[in-house]
Amino acid sequence: MSQATVTYKPSDEVDFVIIGSGAAGGVLAKELSTNGFRVVVLEQGAYLAENDFTHDETKIFAQSLLTNKTNTHPVTFRKTPQDQAKKQNCVLYGSCVGGSSVHFTANFWRLHEIDFKEHSKVGDIPGATFADWPITYADLEPYYTKVEWEIGVSGLAGASPFDPPRSKPYPMPPLPVKGSGVLFERATRKLGYHPFPAPMAILSQPRPGRGACMNCGFCLGFGCEVGAKSTSLSTVIRMAEKTGRCEIRPNCYVHRIETDKNGRAIGAVYFDAQRNTHLQRAKAVILSANGAETPRLLLLSASNQFPAGLANSSGYVGKNLMPNSSAIAFGVFDEPLNDYKGFAVSRVMHDFYELDPKLGIHGGGGLDARFDFTPVTLALNGLPPGTPKWGAGFKQALAHNFTRTMEIFCHGTSLPVESNSFSLDPDVKDAWGLPALRMTFRDHPNDLKLSNWMKDRAMEILDAAGANTKWHAPIQEQQFAVHLLGTCRMGNDPKTSVINSDHRTHDVPNLFLCDGSSLVTSGRGQPTMTIQALAYRASDRITALAKRGDLST
Amino acid sequence: MNSFHSARRDFLQLLGGTAGAAWLTAQWPAVVSAAQHAHDAAKGKQPATFEVLTPDQARELDAITACIIPTNETPGAREAGVVFFIDRALKTFASEDLLRYRQGLADFQKLTADAFPGVTSFSAASAEQQQKILTDLYAKVDLNKGVPRRGVPSGTSDFLQTLHFDTVFGFLVDPEGGGNRDFVGWKLIGRDPAHSFSPPFGFYDKDYPGWQPAPGETEKK
């Protein structure tokens, strides 16, 4: 439940209205309210808390308590702009206070220095709208550190020789190693690689009001009952409320940013739970609705003044979607790992973060050792090819494999491709009669090549680990995205970007965007850490602009 | 295509992708809600009779699901209450699937009668006959890859796909939410029902000496 100590009326012109309470919105709410501003956060989903989080899958999944509800918010998919999109559950994101950080894996990698300036190093890539960031790793480093210390990230500084420079160690030691981590560590070292304890946004030591991880095993996909997962909900949202200047308002479906005749944003229009419409007035508007809903909201806010959608003079709103490439290899071992216990990941390696150009593959990836099956998902898709699909053989395989299986998950580069996008479906409407979100996506050929290459390395690691049986998921074009990156990219050129390095839209001076849509490159997966670091930095930039009166003119 | 079946097909599609298995659980909504009803029933709300299935249909379903996860030296679908799980699903969230089940079970009977003249139902068939029927049907369904890339599964094969998933859910879903009665599914697979755990978790981490940097590992690459 909300611990709010202040409520505002929609007619009150607050300093900031923030749309979305997830990884970025929560940080912005905390920072801006701490800095003395009056803030309203409008969240599409419900306000749930630790008492609402159980291991009862019916409550979590049957009612989609934590994630987007495609029965009322349908999504359509097509591969290319020439195709007719069809309804398909191709996007998954958090829809509750705390957003996707409530149910995420909590892998917390920093980007590396190369991620910010890769285009300068390698040049143009055919078919990609490849660009450098307008900021560097050094600009963001203090904010990465702030994330780690403020929300609580466990890890071991210096354990990876590939890590970028850091100004402080992690605030707490790594989580315990799992069987998958031990097997991965031994195998990768045997092959000459450099595994390290996974940096995770999960507490290995308790903090005030929050427990350390109890290794319950219901982690990825679930909310944490003891607050060990360092979600926006368990950290910055509560800090924001304690300032007495921030109201978190749940169950508010924002569907339009209103502007005045001067082209300035005046607030956010939303449906409340009873479908009544309100305009929350604010001096400035910040969209942190995620890389799918932020561009959708801008496109829904089209007007005579902004016919292509708000802040879309570049035409780049919604474009350059980068969901990260991936591959998964599976291994079954002779003895029980019992890897269903605990969080998902305990060991990672970044030896492939920047691949040798001689390979002919751009970018790179990181590999982690994990187990993220439930009993049901293992039974449906976690058994080796050739396993009997029913009967005594099926049952025997379940009995043998559930405790003996581990995965190596490969996360990699997605190149930005202009046609890969989120847009408004011209035909399908949501339950409020508004155009549905449409995803257009086909992997850049490089990314499939990369996935295939990483898959081969993962299979070699399973061999070196002594897997009795190993196999991999097919490498194929992706039709499902959870990393919603790049769709309102940051840049200095208003013709090829939507926001500047202050997260201010090029077109509307008091409209800011900060979430996965801001990223210019995809990194190698695990974007939440960067999204939060950007949010801390954006808070500083926006605060400075507001304090010098730059938002009120 | 009703919403429940659509959701299940999407779920399957995700399973076949590389998005990460646990993400896929977020696509469960309809299926797992059946578990809540089964859970309620396990707490004493269980009706004396099935709610939507006729005795004939329940008998057929029992026979089929008991072939999918048989009872041998350990409990199977029957002991986990899978048929009851399905009955409650069809009564509630998956009521749109009731016609598919009715048609599917009728198809099973016809298939049985066609293959083995004189045998009027799957449950009346011999074990060998049942094995033959299911072997033939499963051969037509690619469960691992999920939905066909083109077209929609139809007829008995589609029904079998539906029934297979419902059987797995009823057998293995978290007992906290229902199904998997007396943890029979989890006992089979070795899933400890405890609420928290301490390391070491298994065989390979029990002698782990603690993190040690490899020689030269701290050297900057």
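Residues numbered from 1 in each chain as written. Chains lettered and ligands numbered in written order. Predicted model: local features only at pLDDT ≥ 70, side-chain atom pairs only at ≥ 80, totals over all residues.

> Please explain the overall build of chain B as it appears in this structure.
A tally of helices and strands in chain B yields 10 helices and zero strands. Sequence-ordered secondary structure for chain B, helices as α and strands as β, is α-α-α-α-α-α-α-α-α-α. Split into buried and exposed, the 221 residues of chain B put 48% on the buried side. Residue pairs at least 24 apart in sequence account for 62% of intrachain contacts in chain B once pairs closer than 6 positions are excluded. (Helix = DSSP H or I, 4+ residues; strand = E, 2+ residues; numbered from the N terminus. Buried ≥ 20, exposed ≤ 12 C-beta atoms within 10 Å, placed from the backbone. Contact = placed C-beta atoms within 7 Å.)

> Would you take a moment to explain the overall build of chain A for this structure?
Secondary structure assignment for chain A yields 11 helices and 17 strands. Its C-alpha radius of gyration of 22 Å places chain A within 12% of the 24 Å reference for a compact globule of 553 residues. The principal-axis extent of the C-alpha atoms belonging to chain A is close to 70 × 50 × 50 Å. Out of the 553 residues belonging to chain A, those deemed buried represent 63%. Contacts in chain A between residues far apart in sequence, at least 24 positions, make up 74% of those at least 6 positions apart. (Rg over C-alpha atoms; globule rule 2.2 N^0.38 Å.)

> Which parts of the structure should I look at to understand the packing of helix α4 (residues 137-152) of chain A against helix α11 (residues 528-547) of chain A?
Two quantities define a packed helix pair, namely the angle between the helix axes and the distance between the axes. Residues and elements named next belong to chain A. At their nearest, the axes of α4 and α11 sit 8 Å apart, and the two run at 110 degrees to each other. Here α4 lies roughly perpendicular to α11, going by the angle between them. Side by side, α4 and α11 meet where Leu140, Tyr143, Tyr144, Lys146 and Val147 of the first sit next to Met529, Gln532, Ala533, Tyr536 and Arg537 of the second. (Axes fitted to C-alpha atoms, helices over the stretch in contact; angles between N-to-C directions. Parallel < 35°, antiparallel > 145°, perpendicular 65-115°, else oblique.)

> When you look at helix α8 (residues 127-138) of chain B in this model, what are you seeing that I'm missing?
Structurally, the α-helix is built with 3.6 residues per turn, so residues lying three or four positions apart point the same way. Residue and element names in this part refer to chain B. With 12 residues, α8 should cover 16 Å at 1.5 Å per step; its first-to-last C-alpha distance of 16 Å lies within 8% of that length. Buried residues of α8: Gln130, Ile133, Leu137 and Tyr138, and no others. End-on view of α8: buried residues confined to an arc of 125 degrees, all on one side of the axis. Among the exposed residues of α8, those oriented more than 90 degrees off its buried face are Glu128, Thr135 and Asp136. (Expected span 1.5 Å × (residues − 1). Arc of directions from axis to C-beta.)

> I'm lost on the sheet that holds strand β16 (residues 469-472) of chain A in this one. Help?
Backbone hydrogen bonds hold the strands of a sheet together, and the pairing may be parallel or antiparallel. Residues and elements named next belong to chain A. Pairing within the open sheet is antiparallel, and its six strands lie in the order β5-β11-β12-β13-β10-β16. Looking at which strands have only one partner, the edges of the open sheet turn out to be β5 (195-197) and β16. Between one strand axis and the next, the sheet turns through 25 degrees on average, direction left out of account. In this sheet, strand β13 (residues 405-412) lies alongside strand β10 (residues 325-332) in antiparallel orientation, the contact comprising eight bridges. (Pairing = 2+ DSSP bridges.)

> Hey, could you run me through the packing of helix α5 (residues 179-190) of chain A against helix α10 (residues 445-465) of chain A in this one?
Residue and element names in this part refer to chain A. Across the interface, α5 lies against α10 with an axial gap of 8 Å and an inter-helix angle of 105 degrees. By the angle between their axes, α5 is roughly perpendicular relative to α10. Where α5 approaches α10, its residues Leu183, Phe184, Arg186, Ala187, Thr188 and Lys190 are matched on the opposing element by Ile461, Ala464 and Ala465. When grouped by side-chain class, the residues that make up the contact of α5 with α10 number six nonpolar, one polar and two charged. (Nonpolar A, V, L, I, M, F, W, Y, C, P; charged D, E, K, R; others polar.)

> Honestly, helix α7 (residues 98-115) of chain B in this entry has me stumped. Any pointers?
All names here are of chain B. Between the first and last C-alpha of α7 there are 26 Å, a value that for 18 residues agrees with the 26 Å anticipated at 1.5 Å per step. Those residues of α7 not exposed but buried are Tyr101, Gly104, Leu105, Phe108 and Thr112. Here the buried residues of α7 occupy an arc of 95 degrees about the axis, which is enough to place them on one side. Seen from the open side of α7, the exposed residues pointing more than 90 degrees away from its buried face are Leu99, Lys110 and Asp114.

> How should the sheet that holds strand β15 (residues 435-440) of chain A be read in this particular structure?
Residues and elements named next belong to chain A. The strand order across the open sheet formed by four strands is β4-β3-β15-β14, and the pairing between neighbours is mixed. Two strands lie at the open edges of the sheet, namely β4 (86-87) and β14 (421-429), each paired on one side alone. Strand direction decides the pairing type here: strand β3 (residues 75-78) and β4, joined by two bridges, are antiparallel. Bridge pairing links Thr76 to Lys87 in β4. Lying on the sheet, helix α7 (residues 293-300) is in contact with β14 and β15; it crosses β14 at an angle near 60 degrees.

> Looking at this structure, how should I read the pairing of β3(A)?
Successive residues of a regular strand alternate their side chains across the two faces of the sheet. Residues and elements named next belong to chain A. Both faces of β3 are covered, namely the face carrying Val75 and Phe77 and the face carrying Thr76 and Arg78. Examined bridge by bridge, β3 and β15 share four bridges and lie parallel to one another. Paired with Arg78 across the bridge in β15 is Thr440.

> Would you mind showing me how to read unusual backbone geometry here?
Outside of glycine, negative phi angles account for most residues, and trans bonds account for most peptide bonds. In this structure, the amide linkage connecting B:Pro199 to the following residue, B:Pro200, adopts the cis form with an omega of 0 degrees. Turning to its location among the elements, B:Pro200 is positioned in the segment after α10 (184-189). The phi dihedral of A:Asn290 is positive, around 95 degrees, even though this residue is not glycine. With respect to the element layout, A:Asn290 can be found in the loop between β9 (277-287) and α7. The backbone of A:His503 shows a phi angle near 70 degrees, a positive value even though the residue is not glycine. Locating A:His503 in the fold gives a position in the loop between β16 and β17 (511-513). Classification of A:His503 by C-beta neighbours within 10 Å gives buried; the count is 27.

> For this particular structure, what's the right way to read the environment of A:Asp12?
Looking at where A:Asp12 falls in the secondary structure, it is placed in the segment before β1 (14-19). Along the backbone, A:Asp12 and A:Leu297 are 285 residues apart, and their C-alpha atoms lie at a distance of 22 Å.

> Can you help me understand the pairing of strand β7 (residues 253-259) of chain A in this one?
Residues and elements named next belong to chain A. By the bridge criterion, six bridges tie β7 to strand β8 (residues 265-271) in an arrangement that is antiparallel. If you follow Ile257 over to β8, its bridge partner there is Ala268. Taking the residues that link successive antiparallel strands as the turn, the β7-β8 hairpin has five residues, and the phi of Gly263 there is positive, at about 80 degrees.

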